[in-house]
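# Per-entry structural report
What follows is the residue order along each chain.
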Amino acid sequence: MRIGQGNLKEILYLVRGMRAFGARRTPKSRLRVAWLLRALQWQRYKTRRDLAQTLPLANGIVIPEDTGYARLRAFEPGFLHSVVESANAHWASFDLEGALKERGGRPFVAQGLGGKLQRNDPILKLALHPSVVAAVSRYIGMVPVIENITIWYSPNDRALENSSQYYHLDGQDVRTVQLFVLLDRVTDENGPLLVIRADESDALAERVQYRKTPGTKRLDDAVVEAAASEVVRFTGNAGDVLIADTDRCFHLGSREGKAPRRVLVIQYYSPFAFVLPHRWDRALPLAHLAARPEFNSTERLVLGAR
Ligand SMILES: O=C(O)CCC(=O)C(=O)O
């Protein structure tokens, strides 16, 4: 058998590890690799999976399997106000000018909060809220880890080729749940996040054999929108919350507009995500908190304990 250049490249990814290899596969193939990654750490997977089943769903917070997203209206406005206030206080210490200069090819800059949050910070209270953790755990199929908590600032000042301004899947795992909190009012002029429901995205990803490689990861608007019954636009007021699976739902955001946008993003996925190392506890920015006595055992797993 002749090994073509494309196959050779994939073999090299396999040599780098199952996770790097799995990240580049088509949807069904990714699921198979994901299962293998879970099987290789079976006991750790089983602990998280079994615990997920016992966490009670509450406050009507649930991520539907078919849409893969939900607007979250369960929380008291006062609580969400304190989340926005805390984000604004963190933002005040951010060197925006410096970050914009180092922006590279990204349509937004991000302030990582992972290393800065304390137990009593409303942002961490939201991230670890039992009803959020239960809903994300049930949807992902195990107690997840928090990848990071960040504030995104999108200047929306230009179109950037081959960027997240075009429809894509994140491809970090087989399911990644992002909880977005608007920090300012967002209209169609602020480059809002656009999301396609999961079942329609699944069908499209399968049809086009979607792969997260540089040449194939962005899809034309026309192709995606022809396959969708609706395009959900995450516009609204400061404190509005959307929760969405960006590994399953095609999405885009930060398109060129008339005004910037700031969003707080809490991102959850399994510790077996393709983008994490085998020792995820050494890589996750909130994992250092997992040793603190003020967190319970479920919270420690979410923070990144092994
Ligand atoms: O809202 C945006 O700017 C795009 C977000 C995005 O691509 C993502 O969450 O992966």
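Our subject in this report is the structure included herewith. (Residues numbered from 1 in each chain as written. Predicted model: local features only at pLDDT ≥ 70, side-chain atom pairs only at ≥ 80, totals over all residues.)

## Digging into the overall build of the protein chain
- The number of helices and strands found in the protein chain is eleven helices and nine strands.
- In terms of overall dimensions, the protein chain is globule-like: its C-alpha atoms have a radius of gyration of 19 Å, near the 19 Å expected for 306 residues.
- Expressed as lengths along the three principal axes of its C-alpha atoms, the size of the protein chain is roughly 65 × 45 × 40 Å.
- Counting across all 306 residues of the protein chain, residues that qualify as buried make up 41%.
- At a minimum sequence separation of 6, the contacts of the protein chain that also span at least 24 residues come to 84%. (Helix = DSSP H or I, 4+ residues; strand = E, 2+ residues; numbered from the N terminus. Rg over C-alpha atoms; globule rule 2.2 N^0.38 Å. Buried ≥ 20, exposed ≤ 12 C-beta atoms within 10 Å, placed from the backbone. Contact = placed C-beta atoms within 7 Å.)

## A word on the sheet that holds strand S8 (residues 251–252)
- The strand order S6-S5-S8 describes an open sheet built from three strands, whose pairing is antiparallel. Looking along the sheet, the strands with just one partner apiece sit at the ends: strand S6 (232–234) and S8.
- Pairing between strand S5 (residues 193–195) and S6: three bridges, direction antiparallel. Of the residues in S6, the one forming a bridge with Leu194 is Arg233. (Pairing = 2+ DSSP bridges.)

## A word on helix H5 (residues 77–91)
- Over its 15 residues, H5 runs 21 Å from end to end, which matches the ideal 21 Å to within 8%, given 1.5 Å per residue.
- Turning to H5, its buried residues are Leu80, Val83, Val84, Ser86 and Ala87. Each buried residue of H5 sits inside an arc of 160° when the element is viewed along its axis, so together they form one side. Looking at H5, the residues exposed on the side facing more than 90 degrees away from the buried face are Pro77, Gly78 and Ala89.
- Of the surrounding secondary structure, the elements contacted by the buried residues of H5 are helix H7 (122–127), strand S3 (145–154), strand S4 (176–182), strand S7 (241–245) and strand S9 (261–269). (Expected span 1.5 Å × (residues − 1). Arc of directions from axis to C-beta.)

## Thoughts on the sheet that holds strand S1 (residues 69–72)
- Pairing within the open sheet is antiparallel, and its six strands lie in the order S1-S7-S4-S9-S3-S2. Edge positions in the sheet fall to S1 and strand S2 (109–112), since each has one partner strand and no second. Direction aside, neighbouring strands of the sheet carry axes that sit 25° apart on average.
- Pairing of S4 with S9, which is carried by seven bridges, proceeds in the antiparallel orientation. For Gln178, the partnering residue across the bridge sits in S9 and is Gln267.
- Those strands touched by H5 are S2, S3, S4, S7 and S9, and its axis lies near 70° from that of S3. (Axes fitted to C-alpha atoms, helices over the stretch in contact; angles between N-to-C directions.)

Remember, this is a structural readout, not a statement about activity or role.
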